[in-house]
Amino acid sequence: MNKGYMTIEASVIVPVIIFGAFFAILGLLIAYERGFVNSSEYERLYTIPLNNIRNECVEEYLSGADFEKSIVTGALDMKSSYSSHKASFEGTLRVIKDISVSCSREIDVREDRLRRWQLYDDTFEE
């Protein structure tokens, strides 16, 4: 009798499922790319050799980072900067749309903050 309803359902539902799976895979790929670039940036920022920090060669060390090998699809434009004890990476990851990828770290300011805290603590007791 009515055997055509399965064909109509399949012609509507199957493309929706296929497009849904495609967009899910694309979203996972974008999340993977961004997460991997972020982890590479943080690894590079937190493994700066002590000699580079003492010799003020942090900018040269950060500019030597190559994040292109970690990209599976798309392109990456990355810039590194170091000024007043703050090292940072800022960039744009282009897969389908432009995604901002950045991270930063303050370097070698712990002693100054500790001295300031001790000074404030001494004035608080008076």
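To be clear, the structure that these remarks concern was listed above.
The structure displayed is predicted, hence computed values, not measured ones.

### Let's talk about the pattern of salt bridges
Piece 1. In total, this model carries one salt bridge according to the counting rule given.
Piece 2. Aspartate 98 is paired through a salt bridge with arginine 94; the nearest N and O atoms lie 3.4 Å apart.
Piece 3. Judged by relative accessible area, which is 36%, arginine 94 ranks as partly exposed.

### Points about the packing of aromatic side chains
Piece 1. As enumerated under the stated definition, the model contains three aromatic pairs in all.
Piece 2. Plain terms: the ring middles of tyrosine 32 and phenylalanine 36 are 5.8 Å apart, the flat faces sit at 25° to each other, and that makes the pair stacked. With tyrosine 32 and phenylalanine 36 both in helix α1 (residues 5-46) and four residues apart, this pair spans about one turn of that helix.

### Some remarks on a nonpolar patch on the surface
Piece 1. Residues Ile8, Val12, Ile13 and Ile17 make up a contiguous nonpolar surface patch of about 390 Å² in total accessible area.
Piece 2. Among the secondary structure elements, isoleucine 17 is positioned in helix α1.

Cut-offs and rules
- Residues numbered from 1 in each chain as written.
- Predicted model: local features only at pLDDT ≥ 70, side-chain atom pairs only at ≥ 80, totals over all residues.
- Heavy atoms only, no water.
- Salt bridge = Lys/Arg side-chain N within 4 Å of Asp/Glu carboxyl O.
- Buried < 20%, exposed > 50% of the residue type's maximum accessible area, 1.4 Å probe, protein only.
- Phe/Tyr/Trp six-rings, centres within 6.5 Å; stacked < 30°, edge-to-face > 60°.
- Helix = DSSP H or I, 4+ residues; strand = E, 2+ residues; numbered from the N terminus.
- Patch = residues over 30% accessible without salt bridge, like charges linked within 9 Å, V, L, I, M, F, W, Y side chains within 5 Å.
- Areas by Shrake-Rupley, 256 points an atom, 1.4 Å probe, with all protein chains shown as cover.

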